[in-house]
Amino acid sequence: MRFVFLALAIWGAIHPMYYFLQWFRENGFDLFAMADAWHANAASSGLVWDLTIAAIALTLWIIAEVLTRRAWINLIAIPATFCIGVSCGLPLYLFLRSRH
């Protein structure tokens, strides 16, 4: 199961990034314009908030477990979550957490 999580983390990094890069090619590298596009309608705003809350919950879970388990390398999943997305950060954390 461990390598399924790794495969999902890789997929969760590559697949969304394809769409982000496509957007940047069409609109230039403007993060503020991208954030505006995320809130183009109620459906996309709802999805943004859903993922934001999930990212915060995942971050709190990672921090709580790192403090008890002292597995500091697992903190890598936090920047992966906020710089790439929950689709990468969550399976990456599950991969790291499943080490023996």
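The model shown is predicted, which means the values in this text are computed figures rather than measured ones. (Residues numbered from 1 in each chain as written. Predicted model: local features only at pLDDT ≥ 70, side-chain atom pairs only at ≥ 80, totals over all residues. Heavy atoms only, no water.)

(A) Inspection of the environment of Ala 40 at higher detail. Take Ala 40: it is sitting in the loop between helix H2 (31–38) and helix H3 (42–69). What makes Ala 40 exposed here is its relative accessible area of 61%. With 11 residues separating them in the primary sequence, Ala 40 and Leu 51 have C-alpha atoms 16 Å apart. (Helix = DSSP H or I, 4+ residues; strand = E, 2+ residues; numbered from the N terminus. Buried < 20%, exposed > 50% of the residue type's maximum accessible area, 1.4 Å probe, protein only.)

(B) Main features of the pattern of salt bridges. Within this structure, the stated rule accounts for two salt bridges. Among the salt bridges present, the one from Arg 69 reaches Glu 65, with a minimum N-O distance of 3.9 Å. With a gap of four residues between them, Arg 69 and Glu 65 both fall in helix H3, about one helical turn apart. A salt bridge links Glu 65 to Arg 97, with the shortest nitrogen-to-oxygen separation between them at 2.6 Å. Highlighted residues: Glu 65 in helix H3 and Arg 97 in helix H5 (residues 86–97), separated in sequence by 32 residues. (Salt bridge = Lys/Arg side-chain N within 4 Å of Asp/Glu carboxyl O.)

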